[in-house]
Every structure is written in C-alpha cells, then in structure tokens.
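# Architecture and fold: a report
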Amino acid sequence: MERIPILRMGSFLLVTIQVDMHDRLAMTLQDDLTTKIVQTGASGVLIDISALDIVDSFIGRMLGNISAMSRVLDAETVVVGMQPAVAITLVELGLSLPGVRTALNVEKGMAILRATRTLLGEEEDDDVSPEE
Amino acid sequence: MSVRKSETMPIRTQADIVHVRQAVRTWSVDAGMRLVDQTKIVTAASELARNTLEYGGGGELLLESLSEGIRVGLRLTFTDHGPGIPDLELALKDGWTSGSGMGMGLSGSKRLSNEFEIESQVGIGTTVRITRWK
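Within any chain, residue numbers begin from 1 and follow the written order of that chain's sequence. Numbering of ligands from 1 and lettering of chains from A proceed in the order in which they are written. Residue-level local features of this predicted model are given only where pLDDT is at least 70; pairs of side-chain atoms are given and counted only at 80 or more, and the full residue set underlies all totals for whole chains, interfaces and linings.

## Observations regarding the overall build of chain B
Looking only at helices and strands, chain B has 4 helices and 5 strands in total. Each helix corresponds to a stretch of at least 4 residues labelled H or I by DSSP, and each strand to a stretch of at least 2 residues labelled E; elements are numbered beginning at the N terminus. Scanning chain B from its N terminus toward the C terminus, one meets helices and strands in the order β-α-α-β-β-α-α-β-β. Within these notes, the globule rule equals 2.2 Å times the number of residues to the 0.38 power, and the radius of gyration is based on C-alpha atoms. Taken over the C-alpha trace, chain B has a radius of gyration of 14 Å; the compact-globule value for 134 residues is 14 Å, and the two agree within 12%. For the C-alpha atoms alone, the extent of chain B along its principal axes is close to 40 × 25 × 25 Å. Evaluated residue by residue, chain B yields a buried proportion of 40% over its 134 residues. By the criterion used throughout, residues are in contact when their C-beta atoms, derived from the backbone, lie within 7 Å. Here the contacts in chain B between residues at least 6 apart in sequence split such that 65% fall between residues at least 24 apart. Working definition of burial: number of other C-beta atoms within 10 Å of the residue's own, with buried at 20 or more, exposed at 12 or fewer, and partly exposed in between, all C-beta atoms being placed from the backbone.

## Digging into the sheet that holds strand S5 (residues 101-103) of chain A
Residues and elements named next belong to chain A. Note on pairing: DSSP must find at least two bridges between two strands before they are called paired. Spatial strand order, S1-S2-S3-S4-S5: 5 strands in an open sheet with mixed pairing. Where the open sheet ends on each side, the last strands, each with one partner, are strand S1 (6-9) and S5. In this sheet, adjacent strand axes meet at a mean angle of 25° when their direction is disregarded. By the bridge criterion, 5 bridges tie strand S2 (residues 12-16) to strand S3 (residues 44-48) in an arrangement that is parallel. Note on S3: the bridge partner recorded for Thr 16 is Asp 48. Against the sheet, helix H1 (residues 23-40) contacts S1, S2 and S3, and its axis sits at roughly 160° relative to S2. Relative to the sheet, helix H2 (residues 57-72) contacts S3, strand S4 (76-80) and S5, its axis offset from that of S4 by approximately 155°. Between N-to-C directions, angles span 0 to 180 degrees; the directions come from axes that are lines fitted to C-alpha atoms, helices contributing only their stretch in contact.

## Comments concerning the sheet that holds strand S1 (residues 2-11) of chain B
Residues and elements named next belong to chain B. Spatially, S1-S2-S3-S5-S4 is the arrangement adopted by the 5 strands of the open sheet, whose pairing is antiparallel. Pairing within the sheet leaves two strands with one partner each, and these edge strands are S1 and strand S4 (115-121). Looking at each pair of strands side by side, their axes are set apart by 10° on average, direction ignored. With 7 bridges joining them, S4 and strand S5 (residues 125-133) adopt antiparallel strand pairing. The residue bridging Gln 121 from the neighbouring strand is Gly 125, located in S5. Relative to the sheet, helix H1 (residues 14-30) contacts S1, strand S2 (59-68) and strand S3 (71-80), its axis offset from that of S1 by approximately 165°. Helix H2 (residues 35-54) contacts S1, S2, S3 and S5 of the sheet and is inclined by roughly 10° relative to S3.

## Some words on the environment of Thr 13 of chain B
With respect to the helices and strands, the residue Thr 13 of chain B is situated in the loop between S1 and H1. When the C-alpha atoms of Thr 13 of chain B and Ala 49 of chain B are compared, they prove to be 9.9 Å apart, with 36 residues separating the residues in sequence.

## Notes on helix H3 (residues 84-93) of chain A
All names here are of chain A. Among the residues making up H3, those that are buried are Val 86, Thr 89, Leu 90 and Leu 93. Down the axis of H3, the buried set is contained in an arc of 100°. They therefore lie on one face. Turned more than 90 degrees off the buried face of H3, the exposed positions are Pro 84 and Val 91. In the stretch just after H3, Gly 94 is the one whose phi turns positive, near 115°. Each C-beta atom gives one direction from the helix axis, and the arc is the one those directions make.

Dropping the structure here:
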C-alpha cells in the first residue's frame with residue numbers, strides 16, 4: 001500500500017508531502033502519524049507542504065486533525081512551506097487553518113519545535129501551553 | 001463565445017479526483033493563466049470532483065477551453081445522477097454539510113470562480129458549472 005514516509009529525527013517526526021495525495025492516502029498519513037507519535041514519544045511533528053500545489057478542504061481538514069490529535073498526544077505540529085498561491089486560495093476557499101501552527105520554512109519550523117521543547121523542559125511544573 | 005477544445009473525464013474513484021486536478025492544471029497552464037488563477041481553479045475542481053463522488057455517487061467532468069473576443073477561460077461542468085440537493089440555498093452556505101465534510105466545498109468553489117451555476121433535481125442529479133477567465 002502506498003504511504004507517505006515519516007522520518008524520525010531525535011524527538012521530532014518529519015513528513016514531506018511530495019505527491020498529489022488522494023483522500024485515502026491523506027487519511028493513512030493521519031493514522032500513521034498518530035501511531036508514530038505514541039510509539040516514539042515524539043514531542044514535535046513537522047509537516048513540509050512546500051511541494052503541494054493545492055490544499056483543498058480535505059487536506060486542510062487533515063492538517064487540522066493532525067494538529068489536534070498530536071496536541072492531545074502531547075506533541076506540537078508545525079506545518080511549513082506553504083506556497084503563496086496556495087495560501088491565497090485557501091483563505092478564499094474559506095479555510096484559515098485554525099489551530100494549525102505554521103512556519104515559512106523547515107528551518108523556522110524546527111526552531112519553533114525546539115523552542116517549545118526547551119520551554120516545556122525548563123518549566124516542568126508550568127502547565128501553560130506553548131501556543132500564543 | 002466559442003469552445004476551442006473539450007474533453008470528458010469520469011469521476012468514479014478517489015484516483016479520478018487526482019486525475020481531474022492534474023487535467024485542470026494542464027488546461028489552465030495551456031490557457032496561459034497565472035499561478036494564482038491556476039491554483040484557484042484546480043482547488044475548486046478538487047472540491048467539486050469530491051462532491052460529485054461523495055454526494056453524487058460518481059459522475060463526470062466536462063472540461064472546456066473557451067474564448068470570447070480576446071479573453072480565454074476554462075469552463076468545468078460536473079454532472080452526477082445522485083440524490084440531488086433538496087435545498088440549494090442551504091447547500092451553498094459556508095459550513096453546512098449533509099455528510100462528513102467541512103461544508104466549504106460548494107460555497108468555497110463559488111468564491112474561487114468567476115461564474116458559478118448549479119442545477120439540482122431531487123432523485124435526478126446535480127450539475128455544477130464553473131468558469132474562470134484568464
């Protein structure tokens with residue numbers, strides 16, 4: 001069965017979506033990622049969508065679901081690399097990806113995940129979520 | 001207005017939604033659309049193809065390349081023979097869905113198009129036609 005690979009790097013999981021996903025493949029990724037977060041105890045997930053030339057409501061919903069599920073599983077998700085034309089279209093479509101943390105590129109996304117982890121590591125008793 | 005080229009594609013499986021996206025991308029590039037316009041019509045096509053499959057039980061897409069004077073555009077007509085939509089006004093509301101979707105497909109693709117028409121008859125089927133000019 002076709003699958004999007006999930007790479008592990010330290011306490012983070014990395015996903016680069018490079019194919020035009022049909023809906024079932026998107027659902028499989030959602031399931032695989034949640035399983036992998038639990039298996040590895042990952043504290044962060046980075047999803048690179050720079051190769052996606054559209055994000056429709058189905059993919060938008062998948063990104064929202066992954067963010068919400070990972071949060072429940074004590075991991076932060078950052079979606080990076082959205083193309084400008086995709087951002088314009090997504091907002092006009094009526095989706096602004098509420099609850100999905102984004103960064104311009106992989107480097108900035110990784111910085112957010114590292115900062116979140118450091119923050120949580122240093123303030124173990126502090127329950128404040130790293131979100132704004 | 002004249003139709004310069006046309007093609008019909010089936011929408012029967014999830015893979016067909018991907019084929020529709022790819023075909024609409026190719027046609028919008030051929031029409032000379034800029035990237036943002038390509039992205040908008042491909043996204044609208046993806047939403048409507050999914051509706052045709054999920055709610056209409058499958059159907060087809062008629063792709064047409066149009067020219068009118070000096071302007072060129074793409075017209076996409078999605079047809080299914082599914083249950084039809086009893087209340088079109090409700091179906092076009094943001095966030096309303098009869099299924100498990102987000103309810104952005106129909107209203108969103110209307111916003112992403114220059115022209116939008118929908119016809120639906122309960123028990124007979126639904127036709128959605130969108131046009132985007134370059």
